[in-house]
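Given next are the chains, with one letter for each unit.
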Amino acid sequence: MNCRLRLFDKDSISDFEVKKGTNLLEFIRENTDGIIAPCGGHGICGKCKVEVRGEGHVTSCLYNISKDIEVIMPGEQSMKILSTQYEYTKQYWLNPGRTAGLTAMPFGMAVDIGTTTLVFYIINLLSSSVVEVLSKINPQSVYGADVISRISYGVENPDGVKNLQKILVDTINNVIMEYSERNDIPAEHFVKLAITGNPTMLHQLMGIDAISIAHAPFIPAFTDTKVFPARDLGINIHEQGEIVLPPSLSAYVGADIIAGLASIDRERTGKNFLFIDIGTNGEMVLLTPGKILSCATAAGPAFEGANISSGMGAIQGAISKYSYDSYDVIGGLEPIGICGSGLIDIVAEMLNRGVVNSNGNIKADIEIYKNGAKTVSVTQKDIREIQLAKSAIAAGIKRLMAMAGIGLDELENVLLAGGFGNYIDIENAIRIGLLPDVSVEKYIQVGNTAGTGASLALKSEGFVEDMEKLIKEIEYIELSTDEEFTMEFAMNMFF
Ligand code: FES
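Residues numbered from 1 in each chain as written. Predicted model: local features only at pLDDT ≥ 70, side-chain atom pairs only at ≥ 80, totals over all residues.

S.K.: Can you walk me through the pairing of strand S12 (residues 273–278) in this structure?
M.R.: Walk down a regular strand and you will see the side chains alternate between the two sheet faces. Most of S12 sits out of view: 6 of its 6 residues are buried. Side-chain alternation along S12 places Phe273, Phe275 and Asp277 on one buried face and Leu274, Ile276 and Ile278 on a second face that is also buried. Counted along the chain from S12 to the antiparallel partner strand S13 (residues 281–287), the turn is 2 residues long. Across 5 bridges, S12 lies against strand S20 (residues 413–417) in parallel orientation. Across the sheet, Phe275 pairs through a bridge with Leu415, a residue of S20. (Buried ≥ 20, exposed ≤ 12 C-beta atoms within 10 Å, placed from the backbone. Helix = DSSP H or I, 4+ residues; strand = E, 2+ residues; numbered from the N terminus. Pairing = 2+ DSSP bridges.)

See the structure below:
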């Protein structure tokens, strides 16, 4: 008799049929890159532990599979998030549409074009399985870290818009070509792409000037769902292959947010819940049984490390976690700077120790690390940048809640989407006033929902229809003309 085993490993979820009685360590050895088993599977070292959902951590060499189980491989927090993400994702039948019939072995690619990072999910459209996930820094970054700099580059240079488009198209083509070469699968087997991103990124992908996004009244050139031949963009897949761009809501609430929100299984959340994605902009949606309200606030790039004296992105050498007596550095290296999650921890810790007061004042720069001439520190100006960023997010959330007539005690869940939301310490984010002061148990870190949404848009035409229905239910609140927001923003500057 066989049991079903679902394995969460790195960035993939795989399903297996396993003979009842199979030893879990042996199964893992055969089907993954491996696991450390120093005692050779004799149950002595305890190093071969994995998590079996519902049972906790088990010693895999002593565990024989006797029923259907879900196994989460050890190590990175990303596996936890992947598992949580799966749990909160609405399930759809595989129904990719016409293009899946173009070849005997159809592949598709879901792409999430972030301002900073592009994430690619290569998906087998016969089995629905994700065969590879990879990410790349958005090569447009040489033209600025945020969307406004990219838009400016586009309008100020004769071939700016064309160039920004070419960069994205070339990157997508390269990912497909490299995958094809690595796996000996002709690019013609790729028949469909689903691409999410913020409205600026999608405009630039389409070769459309995004200047209207940068100026009031902030009206994008398009927000509707687009389905068109891949060759129109110069994407080198099957000649009849197509591209799906999910719909956006407004200039700053894009297809990434809509696809992400639509991917959430609302049966699993409370009735009143917030969905927040924090990056350079903070996009948020408040869902209640009677109303769905959404807004976006310009948080600025502080949480991505920009405009911070020792700030840096969440890359090797960045202090990503901090407490009074310890800190974590990405890659285990000597610290060279601080990324957003580390900054939140440092400010929370310094508030608790009275080094930063409730106005955000400090007496002198806060030295976090020193080695000879190398110093990683937080300055008064850095604290002000963090105050501006956290205040914008907090004020946006408060305005949505006030407009929906929802108090903090009625908020049942807060879903944090996106990379930054995954890695922040929630208690510390509450301490500095970035996130609402509700019980930590109400928070759910749901991972890259934009990528999940893009994958669902690739795999299911029904999902695209659901996104279109959802968008009609959402009321967009423009905060730039909202006086109450300005007041909230000023009030939330304090810690
Ligand atoms: S391999 Fe040592 S306890 Fe399992």
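What follows picks up the thread again.
S.K.: Looking at this structure, I do not really get the sheet that holds strand S22 (residues 474–476). What am I missing?
M.R.: As summarised here, the arrangement of the 6 strands in space is S21-S20-S12-S13-S14-S22, forming an open sheet in which the pairing is mixed. If you trace the sheet from one side to the other, it starts and ends with strand S21 (443–447) and S22, each paired once. Sheet twist, expressed as the average angle between the axes of neighbouring strands with direction ignored, equals 20°. The strands touched by helix H9 (residues 380–404) within the sheet are S12, S13 and strand S14 (292–298), with S14 carrying the most contacts at an inclination of about 160°. (Axes fitted to C-alpha atoms, helices over the stretch in contact; angles between N-to-C directions. Contact = placed C-beta atoms within 7 Å.)

S.K.: It is not clear to me how the environment of Val169 should be interpreted in this structure. Could you clarify?
M.R.: Note on placement: Val169 falls in helix H4 (residues 160–183). You can call Val169 partly exposed: it has 16 C-beta atoms within 10 Å. In sequence terms Val169 and Leu233 are 64 residues apart; their C-alpha atoms lie 7.2 Å from each other. Leaving out residues up to four positions away in the same chain, Val169 has contacts with Leu233, Gly234 and Ile235.

S.K.: Would you mind going over the environment of Ile474 with me for this structure?
M.R.: Looking at the element boundaries, Ile474 is found in strand S22. Each C-alpha atom of the pair Ile474 and Lys166 lies 33 Å from the other, and the pair is 308 residues apart in sequence. Not counting the four nearest positions on each side in its chain, Ile474 is found in contact with Leu249, Val285, Ile292 and Ser294.

S.K.: Explain the sheet that holds strand S17 (residues 337–338) to me, please; I cannot follow it from the model alone.
M.R.: Strands belonging to one sheet form pairs held by backbone hydrogen bonds; the direction of such a pair is parallel or antiparallel. Judged by pairing direction, the sheet is mixed, and its 3 strands sit side by side in the order S16-S15-S17 without closing on themselves. Edge positions in the open sheet fall to strand S16 (326–329) and S17, since each of these has one partner strand only. Bridge count between strand S15 (residues 318–323) and S16: 4 bridges; the pairing is antiparallel. Across the sheet, Tyr322 pairs through a bridge with Tyr327, a residue of S16. Taken strand by strand, helix H8 (residues 340–352) contacts S15 and S17, and its axis lies near 30° from that of S15.

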